[in-house]
Amino acid sequence: MENLPIFMNLKDRNVLVIGGGVVAVRKAELLLQAGARVTLIAPRACKELLALHDAGKVVWKEQTFGPGIVRNYRLVVAATDNQAINRLVFDECERHGIPVNVADQPQLCSFILPSIVERGPITIAVSTGGRSPILARLLKARLETYIPAGFGVLADLLGRYRNAVKVRFPRLEQRRDFWERMLDGPLTQLATSGRNEAAEKFIEEALHAPIVAKQGEVWLIGTGPGDPDLLTLKALRLLQQADVLVYDRLVPESIINLARREAERIDVGKSMGRHTLPQNDINQLLVDLARQGKRVARLKGGDPFIFGRGGEELECAAAAGVPCQVVPGITAASGCAAYSGIPLTHRDCAQSVRFVTGHTKEEGCEIDWRALVAEGQTLVFYMGLANVDHICAQLQAYGMPADMPAAVVERGTLPDQRVFTSTLASLPSSIRGERLSSPSLIIVGRVVELRQRLGFSVEAASPESLMRLASFA
Ligand code: SAH
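Scope of this entry: the structure provided in the associated data block.

What counts, and where the lines are drawn
- Residues numbered from 1 in each chain as written.
- Predicted model: local features only at pLDDT ≥ 70, side-chain atom pairs only at ≥ 80, totals over all residues.
- Heavy atoms only, no water.
- Pairing = 2+ DSSP bridges.
- Helix = DSSP H or I, 4+ residues; strand = E, 2+ residues; numbered from the N terminus.
- Axes fitted to C-alpha atoms, helices over the stretch in contact; angles between N-to-C directions.
- Near = heavy atom within 4 Å.
- Polar contact = N/O pair within 3.5 Å; in protein donor to acceptor, adjacent residues only side chain to side chain.
- Areas by Shrake-Rupley, 256 points an atom, 1.4 Å probe, with all protein chains shown as cover.
- Nonpolar A, V, L, I, M, F, W, Y, C, P; charged D, E, K, R; others polar.
- Domains from an automatic or database assignment.
- Parallel < 35°, antiparallel > 145°, perpendicular 65-115°, else oblique.
- Left-handed = near helix turned anticlockwise from the far one by under 90°.
- Contact = heavy atoms within 4.5 Å.
- Patch = residues over 30% accessible without salt bridge, like charges linked within 9 Å, V, L, I, M, F, W, Y side chains within 5 Å.
- Salt bridge = Lys/Arg side-chain N within 4 Å of Asp/Glu carboxyl O.
- 1 Å grid on protein atoms, 1.4 Å probe; cavity = no way out; pocket = protein on both sides within 12 Å on 5 of 7 lines; lining within 4 Å.
- Points joined across faces, edges and corners; volume = space filled by probe spheres on them.
- Buried < 20%, exposed > 50% of the residue type's maximum accessible area, 1.4 Å probe, protein only.
- Phe/Tyr/Trp six-rings, centres within 6.5 Å; stacked < 30°, edge-to-face > 60°.

### As for the sheet that holds strand β10 (residues 264-267)
Strand order in the open sheet made by the five strands is β10-β9-β11-β8-β12, with parallel pairing throughout. Here the strands that pair on one side only, and so sit at the sheet edges, are β10 and β12 (324-327). Strand-to-strand twist of the sheet, defined as the mean angle between neighbouring strand axes without regard to direction, takes the value 20 degrees. Judged from the four bridges that link them, strand β8 (residues 217-222) and β12 form a sheet pairing that is parallel. Note on β12: the bridge partner recorded for Leu-220 is Val-326.

Encoded structure:
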C-alpha cells in the first residue's frame, strides 16, 4: 500500500495554509468544510482570500512564512509558487511532526489530499499515490455516478440504530449478519428513495423479530481463468459476503484480495506447507465450515462444473443438508480463446468444440481418440501439458493430419500469458525449451490458424490487437 488512508477529525482544530493565491483559497475552503479553523499566511492576498477573510471565515496573516510558525497547528498545507518557502514549510513540519502537504509536490508531502466523493456522512477518498491527479478525478467521477445520492440518508439512518442493534445483538457476527440482511433487502431502496418512515419501520420490525440461528451455506464460485475482470457480478458479490474462502492455486491472489479483509482464508492447494488436500477432505471441510453457520465460498478457477470436481463437492454438501449455490464462471477455454485470438468455433472450419481432459487415463478410462479426430471440430485439452507428446502422437495415430494447427496457451488471460502455435507434429518439440508452466491449455484445430488473420501476435494480447479483434467481429 502506497499510503495508509485515514480520516482526520479537524473540527475546531487550528490548521495553517501558506499562500495567498487561488490554489491556497481552494485548500482553505476544503479545510473549512471539514470544520477546521483556518489561518492563511501570505504577504499578499487575492480577491477570494480577502472575501473569506472579510466574511470572518478565515484569518489572514499578512506576512511571509518563517521558522517556528507551524508549531501551533495540527496540519499544514502550502500552496505557494516559491520553491524555497515550500521546502522550508516541509522541513519545519517534518521537524515538529506535523502533517504537511505542499500542493503539486508529492516529494514535499507527508500526506496526500485525495479526490473526494461525499454522500452525507460518507466520505470516499481516492488517491493514486501522487501519480496522476487526473486519473483520481476520473475515478471520482465514476464513483459519483455509481453511488446513489440517497446513501447519505441511508448512512444517517443506520447510524441512528447502531446502538439499539448493539444491545440486541451483542456478538459482532450477529450484528454484521443483521446489517447485511438489512442492506441486501428493501431497506436500501426505501431509504434512498425518501421513504424514511417505511425504512425505519422495516428496521424496527427486524430488530424485534425472534433471533434465529444462522444457517451456513456453501457457494461454489467459478472465478474465471485468472483476469479478475472476468469475474461475474454475482461471483464478486458473494465473494464479498463470504465468511470463509476455500481455494487452490488456480485462483490468483488478485481475486482473493477482493474478499472481505476479515474473511478466513483456507488454501487447500498447499494447505500449510502440506500437499494438496485430498478431495474427500475438501468435501468434508466445506460441510464442517457450513455447519458452524459460516457462508463458505469455495472458489474454483474457471467454471466449477468444467473439470472442477464441483459436482462432487455439491453432492457431498447436499447429502449433509447444507444449502448450496453454484456460480458459473468463464472457463479456461473461453478465456484463453478470447485473449489469444483463437475462436473456438468458426463457420468454415469448426462446427463444434470439445473440452477434453488431458489426464489421458482419467480414472481408468482411456480417451476415445477415434471420436476426437473427426473433421470440423476444435479440441481443447485441459490438464494436458504433461501429456502433450502423448496427445499429439495419439491424434496422429488415429488419423489426424500431422499439419493440423495446434496451440498452447500458458497462463491465459493473466498479464504474463504466452501463446505458442505450431502443428500437431511439431508442437511438442517447439515448446520443449520454453519451460512452460501450469496452467496451460492445448487447442487443436483449424481455428488456430485464424489467430494470425485476426492480427494477434505471438505475445500476450495487447490492447491494440484486442481492438483489431473487436473491429473484425
Ligand atoms: N474449472 C476450470 C478447469 C480446471 S482443470 C475451468 O473451467 O477452466 C485445470 C486446467 O484448466 C489446467 O490444467 C489448465 O489446462 C486449464 N486452465 C485453467 N486456467 C487456465 C489459464 N488461465 N490458462 C490456461 N489454462 C488454464
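From this point, things continue past the structure.
### A look at the site of the ligand
Around the ligand, the structure places 18 residues, and the nearest of them are Pro-225, Asp-303, Ile-306, Thr-331 and Ser-440. Between Asp-303 and the ligand, the recorded distance is 2.8 Å, taken from a backbone N or O atom to an oxygen atom. Burial of the ligand by the protein amounts to 93% of the accessible area it has alone, namely 550 Å². Taken together, the elements giving at least two residues each to the shell around the ligand come down to α13 (332-340) and β19 (440-444). Here the residues of the shell around the ligand sort into eleven nonpolar, five polar and two charged. Counting residues domain by domain, the shell around the ligand receives three or more from each of domain 3 (217-330) and domain 4 (333-472).

### Concerning the sheet that holds strand β13 (residues 352-357)
Spatial ordering of the open sheet is given by β13-β16-β19-β17-β18, a layout of five strands whose pairing is mixed. At either margin of the open sheet sits one strand with a lone partner, and together these are β13 and β18 (418-423). Pairwise comparison of adjacent strand axes, ignoring direction, gives a mean angle of 20 degrees for this sheet. Bridge count between strand β17 (residues 405-410) and β18: six bridges; the pairing is antiparallel. Paired with Ala-407 across the two strands is Thr-421, which belongs to β18.

### Some thoughts on the packing of helix α11 (residues 279-291) against helix α12 (residues 310-319)
Put simply, α11 and α12 touch, their axes get as near as 9 Å, and they point 45 degrees apart. Taken as axis vectors, α11 and α12 run oblique relative to one another. Here the hand of the crossing between α11 and α12 comes out right-handed. Along the contact surface, α11 presents Gln-279, Ile-282, Asn-283, Leu-286 and Val-287, while α12 presents Glu-312, Glu-313, Cys-316 and Ala-317.

### With respect to a nonpolar patch on the surface
Taken together, the side chains of Phe-307, Val-353, Phe-355 and Met-383 define a hydrophobic patch exposed on the protein surface, amounting to about 300 Å² of accessible area. Position of Phe-355 among the secondary structure elements: in strand β13.

### Details of the packing of helix α5 (residues 151-168) against helix α8 (residues 196-208)
The geometry of α5 relative to α8 is characterised by a closest axis approach of 11 Å and an angle of 20 degrees between their N-to-C directions. If you check the angle between α5 and α8, you find them roughly parallel. Considering only the axes of α5 and α8, their crossing is right-handed. Two secondary-structure elements touch here, α5 through Val-153, Leu-157, Arg-160, Tyr-161, Ala-164, Val-165 and Arg-168 and α8 through Asn-196, Ala-199, Glu-200, Ile-203, Glu-204, Leu-207 and His-208.

### Let's talk about empty space enclosed by the protein
Within this structure, the stated rule accounts for one cavity of 30 Å³ or more. As a volume, the largest cavity reaches approximately 40 Å³. In terms of lining residues, the largest cavity is bounded by Cys-349, Ala-374, Glu-375, Gly-376, Gln-377, Met-400, Met-404, Gly-445 and Arg-446. Among the residues making up the lining of the largest cavity, the classes are represented as four nonpolar, three polar and two charged.

### Brief notes about the environment of Gln-325
With respect to the helices and strands, Gln-325 occurs in strand β12. If we ignore the near neighbours within four places in the chain, the residues touching Gln-325 are Glu-217, Val-218, Trp-219, Leu-220, Lys-234 and Leu-238. A distance of 3.2 Å separates polar atoms of two side chains, one belonging to Gln-325 and the other to Lys-234.

### Describing the pattern of salt bridges
When charged atoms on two side chains of opposite charge get close, those side chains can pair. One pass over the structure, following the stated rule, counts 23 salt bridges. Measuring nitrogen to oxygen at the nearest pair gives 3.2 Å for the salt bridge that ties Glu-173 to Arg-171. Using a relative accessible area of 48% as the deciding quantity, one classes Arg-171 as partly exposed. Connected through salt bridges with shared partners, the residues Arg-176, Glu-180, Asp-243, Arg-260, Glu-262 and Arg-295 form a single ionic network.

### As for the packing of aromatic side chains
Across all of its chains, the model carries five aromatic pairs by this definition. Here Phe-178 and Trp-179 contribute two aromatic rings whose centre-to-centre distance is 5.2 Å and whose plane-to-plane angle is 70 degrees, an arrangement assigned as edge-to-face. You'll find Phe-178 and Trp-179 in the same group, each marked buried. Among the aromatic residues, those joined into a ring-pair cluster are Phe-169, Phe-178 and Trp-179.

Read these as spatial facts, not as claims about activity.
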